[in-house]
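Residue-level structure breakdown
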Amino acid sequence: MSRKKINEKNLTVRFFVCTIYLVIITILFVSAYNLYEKHMNVPHLEEAKSTKDYAYVKISRMSERFAYIEEKNIGIHYVIEKEDTGIWHTYIIAINENEINKYKDLIDYSYGRIDNVPKEIKVYGYPVVINDKLKEVAISNIKNFVPKDNEVVITKDNFDNYLTNSYLDTTKERTDSFDPILTLNCLGLVFVIILFIITLLGQEKKVMKIAHKKERR
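Residues numbered from 1 in each chain as written. Predicted model: local features only at pLDDT ≥ 70, side-chain atom pairs only at ≥ 80, totals over all residues. Heavy atoms only, no water.

Re the overall build of the chain
- Helix and strand counts for the chain stand at six helices and seven strands.
- Order of helices (α) and strands (β) in the chain, N terminus to C terminus: α-β-β-β-β-β-α-β-α-α-β-α-α.
- In the chain, which comprises 217 residues, the proportion classed as buried is 34%.
- Expressed as a percentage of contacts within the chain between residues at least 6 apart in sequence, the contacts between residues at least 24 apart total 64%.
- Accessible surface computed for the chain: about 15,200 Å², of which carbon and sulfur atoms make up 55%. (Helix = DSSP H or I, 4+ residues; strand = E, 2+ residues; numbered from the N terminus. Buried < 20%, exposed > 50% of the residue type's maximum accessible area, 1.4 Å probe, protein only. Contact = heavy atoms within 4.5 Å. Areas by Shrake-Rupley, 256 points an atom, 1.4 Å probe, with all protein chains shown as cover.)

Following this line, the structure appears as structure tokens:
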């Protein structure tokens, strides 16, 4: 077989192999992107499955603090999240009281101190299970915040149904957990890209020769 035909055959094989690598790279890239999106997705507080899930709540109204953790300067507040349909939900959040000015308009609007409807705020944090002591304080104070037309009487028995069993601690910064599947996917993607470049440049034979020499040693 002539050298020209051999070169043409090698080019054909190389093109075929590179095409396969490109398909694999595309699949791995899309898979990695979807895994990353899923890993970074932040659920609503009610959709959080554990206290390790970083979650959010949208606030359209906010109460004055009804409980206080003095050593950490953390205030506990009621908040209302209003849906587009007009339905509202009440939650409990913890904030750093040094940042209270951020929520001033929401608080003032809730108590009729201002007429202008403030822009809602989306807050993030980690769920913290409400203990019995905080639950008692929350039950005794909620009547001072919820709209007067709310006829539901909050008790220990229905507390979780109306306020959930957790409050959102916004003072905790997000800590991304290690995702082994995403990591393996990215490593596989890098490995295939390297193989693609080696094949594209026609250096696969040299790499194989170096590998064989190392094995002989």
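Brief notes about the environment of Ile 193
- Structurally, Ile 193 is set in helix α5 (residues 180–200).
- A relative accessible area of 33% places Ile 193 in the partly exposed class.
- For the pair Ile 193 and Cys 18, spaced 175 residues apart in sequence, the C-alpha separation works out to 9.9 Å.

Quick look at unusual backbone geometry
- The phi torsion at Asn 73 lies on the positive side, around 55°, for a residue other than glycine.
- With respect to the helices and strands, the residue Asn 73 is situated in the loop between β3 (67–69) and β4 (74–82).

Some remarks on the pairing of strand β5 (residues 88–96)
- Note that β4 and β5 share nine bridges and pair antiparallel. What sits directly across from Gly 75, in β5, is Ile 95.
- In this antiparallel pair of consecutive strands, β4 and β5, the connection spans five residues, and Gly 86 shows a positive phi of 100°.
- Of the pairings in the sheet, the one linking β5 to strand β7 (residues 166–169) comprises two bridges and is parallel in character. (Pairing = 2+ DSSP bridges.)

Some thoughts on the nonpolar core
- Formed by 20 residues in total, the largest nonpolar core has its most connected members in Phe 66, Ile 76, Tyr 78, Ile 92, Leu 134, Phe 159 and Tyr 167.
- Of all the secondary-structure elements, those providing two or more residues to this core are β4, β5, α3 (132–141) and α4 (159–163).
- With four residues, the single largest contributor to this core is β4.
- Beyond its immediate chain neighbours, meaning those up to four positions away, Tyr 167 contacts Ile 76, Ile 92, Ile 93, Ala 94, Tyr 126, Pro 127, Val 128, Ile 130 and Leu 134. (Core = buried A, V, L, I, M, F, W, Y, C linked by side-chain atoms within 4.5 Å.)

Structural notes on the pattern of salt bridges
- Summed over the entire model, instances satisfying the criterion amount to six salt bridges.
- The closest approach of N and O atoms between Glu 136 and Lys 156, which form a salt bridge, is 3.3 Å. Of this pair, Glu 136 sits in helix α3 while Lys 156 is found in the loop between α3 and α4, placing the two residues 20 residues apart along the sequence.
- Look at Glu 136 and you get partly exposed, because its relative accessible area is 43%.
- Residues joined in a network through salt bridges with shared partners are Glu 64, Lys 104, Asp 108 and Arg 113. (Salt bridge = Lys/Arg side-chain N within 4 Å of Asp/Glu carboxyl O.)

Some points on the side chain of Thr 164
- With respect to the helices, strands and loops of the structure, Thr 164 is situated in the loop between α4 and β7.
- You can call Thr 164 buried: its relative accessible area is 14%.
- Only 2.9 Å separates the side chain of Thr 164 from the backbone oxygen of Ser 166, close enough to count as a polar contact.
- Ignoring anything within four residues of it in the chain, the contact list for Thr 164 reads Glu 46, Tyr 91, Ile 130 and Phe 159. (Polar contact = N/O pair within 3.5 Å; in protein donor to acceptor, adjacent residues only side chain to side chain.)

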